[in-house]
Amino acid sequence: MLDPALAHVRTMWDQDGASRHLGIELLEVSYDAHDRLGRARTRMPVTDTMVNGHQITHGGYIFTFADSTFALACNAGGELTVAAGCDIDFVRSAALGDVLLAEGVERARYGRNGITDVTVTRESDGELIAHFRGRSRALKPRPSA
């Protein structure tokens, strides 16, 4: 069950058509008010439309999966936060039928900036598929009209 204090994240997630289209499932999102850091866990099955000409999961889908998890973690604190940059390292390939898990953990918040790490693993054996590091930026609230 989602903490009612994180309803803003649920609203953001419910409006995320790209993640929904890929079948990404939100497993957990949390926010540590003491440390001011968010966390998120997600799940995504690899379907036939995600496999490239080498018969492995296209890196763009793994990136999008990690990016969606990053968004959940860095928005858990309630500020409208977007990506300022990111890097991904592909460690192993995933294949049709694999189910991927992602865990995003905010490592630091400084001013309006943050750093979030996302690990993508294969559910069946825990193998590391990719590591994503995102840099976030909280936007200033827009003045009301």
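Everything that follows concerns the structure shown earlier in this document.
So, on to the packing of aromatic side chains. All told, the structure shown has 2 aromatic pairs when counted by the stated rule. Between the aromatic rings of Phe-70 and Phe-132, the centroid separation amounts to 5.6 Å while the plane-to-plane angle is 55°, which identifies the pairing as tilted. You can see Phe-70 sitting in helix α3 (residues 59–75) and its partner Phe-132 sitting in strand β6 (residues 128–138), a full 62 residues away along the chain. An identical accessibility class is assigned to Phe-70 and Phe-132; each is buried. Members of the aromatic cluster, each reached through a chain of ring pairs, are Phe-63, Phe-70 and Phe-132.

Bringing the pattern of salt bridges into the picture now. This structure, assessed with the given rule, holds 12 salt bridges. We note a salt bridge from Arg-39 to Glu-103, for which the minimum N-O separation is 2.7 Å. Residue Arg-39 is found in strand β2 (residues 37–45), and its partner Glu-103 is found in strand β4 (residues 99–110); the two are separated by 64 residues along the sequence. On the basis of relative accessibility, which here comes to 38%, the residue Arg-39 falls in the partly exposed class.

It is worth spelling out the pairing of strand β5 (residues 113–122) at this point. Taken across its 10 residues, β5 has 7 buried, putting it largely inside the fold. Bridging between β4 and β5 involves 10 bridges; their strand directions are antiparallel. Directly across from Gly-104, in β5, lies its bridge partner Val-118. Hairpin connection between β4 and β5: a loop of 2 residues separates the two successive antiparallel strands, and Gly-111 in this loop has a positive phi of roughly 60°.

This next bit is on the pairing of β2. Regular strands have side chains that alternate between both faces of the sheet. Relative to β2, strand β1 (residues 25–32) runs antiparallel, the two sharing 7 bridges. Along β2, the bridge assignment pairs Val-29 with Ala-40. Once β1 ends, the chain turns through 4 residues before running back antiparallel as β2, passing Arg-36 with a positive phi of about 60°. With 7 bridges connecting them, β2 and β4 associate as antiparallel partners. Paired with Arg-41 across the bridge in β4 is Glu-103.

Judged by nonpolar contacts, the single largest core of 28 residues is most densely connected at Val-29, Met-44, Phe-65, Leu-100, Val-118 and Val-120. Where this core is concerned, the elements lending two or more residues are α1 (7–14), β1, β2, α3, β4, β5 and β6.

Here we come to a nonpolar patch on the surface. A surface patch of nonpolar side chains, about 240 Å² in accessible area, is lined by Leu-80, Val-82 and Leu-139. Tracing the backbone shows Leu-139 in the segment after β6. The partly exposed category is assigned to Leu-139, whose relative accessible area is 36%.

Rules behind the numbers
- Along every chain, residues carry numbers that run from 1 in the direction the sequence is written.
- Selection of residues for local features in this predicted model requires a pLDDT of at least 70, selection of side-chain atom pairs for listing and counting requires 80 or more, and totals for whole chains, interfaces and linings are taken over all residues.
- Each side-chain value is derived from all of the structure's non-hydrogen atoms; neither hydrogens nor water enter the calculation.
- The criterion for an aromatic pair is that two Phe, Tyr or Trp rings (for Trp, the six-membered ring) have centres within 6.5 Å, with stacked assigned to planes under 30 degrees apart, edge-to-face to planes over 60 apart and tilted to the rest.
- Comment: elements are numbered from the N terminus, with helices defined as DSSP H or I runs of at least four residues and strands as E runs of at least two.
- Three labels apply to residues, based on accessible area from a 1.4 Å probe with only protein chains included: buried if under 20% of the type maximum, exposed if over 50%, partly exposed otherwise in between.
- Throughout this description, the term salt bridge denotes a Lys or Arg side-chain nitrogen within 4 Å of a carboxyl oxygen of Asp or Glu.
- Strand pairing follows a simple DSSP-based rule, namely that at least 2 bridges must link the two strands.
- Take the buried residues of types Ala, Val, Leu, Ile, Met, Phe, Trp, Tyr and Cys, join any two whose side-chain atoms come within 4.5 Å, and each joined set is a nonpolar core.
- What makes a patch is a set of residues exposed beyond 30% relative accessible area and free of salt bridges, joined within 9 Å when like-charged and within 5 Å when nonpolar (Val, Leu, Ile, Met, Phe, Trp, Tyr).
- Accessible areas in this description were obtained via Shrake-Rupley with a 1.4 Å probe; residue shielding takes into account the shown protein chains only.

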